[in-house]
Amino acid sequence: EITACHFPPGTSKWNKIEHRLFSFMSKNWRAQPLKDMATVVNLISNTKTEKGLKVRCVIDENKYKKRKNINIETHNFHHEWNDSIKPI
């Protein structure tokens, strides 16, 4: 059995690059309505830190097959973030 517990969105505090960029992304988004995916991607893509670190952002439009023979059980506690993969 494998258990995967994820940080909630916006809390990946251990990712140092994301942590450095998040404040700059927030500044870019300020007062901008996020009306569609293209707007979000453009705002993220146009982020640059004072030291020149740039963000690359693209939409992944690939279609992925769902696996039918995987026994995934969601947890009662924060089921949207925590799962276990159990043997069939």
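Residues numbered from 1 in each chain as written. Predicted model: local features only at pLDDT ≥ 70, side-chain atom pairs only at ≥ 80, totals over all residues. Heavy atoms only, no water.

1. Side note on the overall build of the chain
The helix and strand tally for the chain stands at two helices and three strands. Counting from the amino terminus, the chain carries its helices and strands in the arrangement β-α-α-β-β. In the chain, which comprises 88 residues, the proportion classed as buried is 17%. Within the chain, contacts between residues separated by at least 24 positions form 38% of all contacts whose residues are at least 6 apart in sequence. On the chain, roughly 8,100 Å² of surface is accessible, and the fraction owed to carbon and sulfur atoms is 55%. (Helix = DSSP H or I, 4+ residues; strand = E, 2+ residues; numbered from the N terminus. Buried < 20%, exposed > 50% of the residue type's maximum accessible area, 1.4 Å probe, protein only. Contact = heavy atoms within 4.5 Å. Areas by Shrake-Rupley, 256 points an atom, 1.4 Å probe, with all protein chains shown as cover.)

2. With respect to the side chain of Asn82
Here Asn82 is to be found in strand 3 (residues 82–86). Among the residues examined, Asn82 registers a relative accessible area of 8% and is labelled buried. Among residues more than four places away in sequence, those in contact with Asn82 are Ala4, Cys5, His6, Thr74, His75 and Phe77.

3. Details of the pairing of strand 3
Where a strand is regular, its side chains alternate between the two sheet faces. Sheet analysis places strand 1 (residues 2–5) next to strand 3, joined by four bridges and oriented antiparallel. Counted as the bridge partner of Ala4 is Asp83 from strand 3. Of the pairings in the sheet, the one linking strand 2 (residues 71–74) to strand 3 comprises four bridges and is antiparallel in character. Each residue of the ladder has a partner; that of Glu73, found in strand 3, is Ser84. (Pairing = 2+ DSSP bridges.)

4. Description of the sheet that holds strand 2
Read from one edge of the open sheet, three strands run 1-3-2, paired in antiparallel fashion. Edge positions in the sheet fall to strand 1 and strand 2, since each of these pairs with one other strand and no more. For this sheet the average axis-to-axis angle between neighbouring strands, irrespective of direction, equals 20 degrees. (Axes fitted to C-alpha atoms, helices over the stretch in contact; angles between N-to-C directions.)

5. Focus: the pattern of salt bridges
Taken as a whole and judged by the stated rule, the model has two salt bridges. A salt bridge links Glu1 to Lys86; the shortest N-O distance between them is 3.9 Å. Remark: Lys86 occurs in strand 3 and Glu1 occurs in the segment before strand 1; sequence separation between them is 85 residues. Among the residues examined, Lys86 registers a relative accessible area of 25% and is labelled partly exposed. The structure contains a network of salt bridges with shared partners spanning Glu1, Glu73 and Lys86. (Salt bridge = Lys/Arg side-chain N within 4 Å of Asp/Glu carboxyl O.)

6. A short note on unusual backbone geometry
You will see that Ala31, though not glycine, has its phi angle at about 65 degrees, which is positive. Note on Ala31: relative accessible area 76%, which makes it exposed. A positive phi angle, close to 50 degrees, is found at His78, a residue other than glycine. Looking at where His78 falls in the secondary structure, it is placed in the loop between strand 2 and strand 3. On the accessibility criterion, His78 (32% relative accessible area) is partly exposed.

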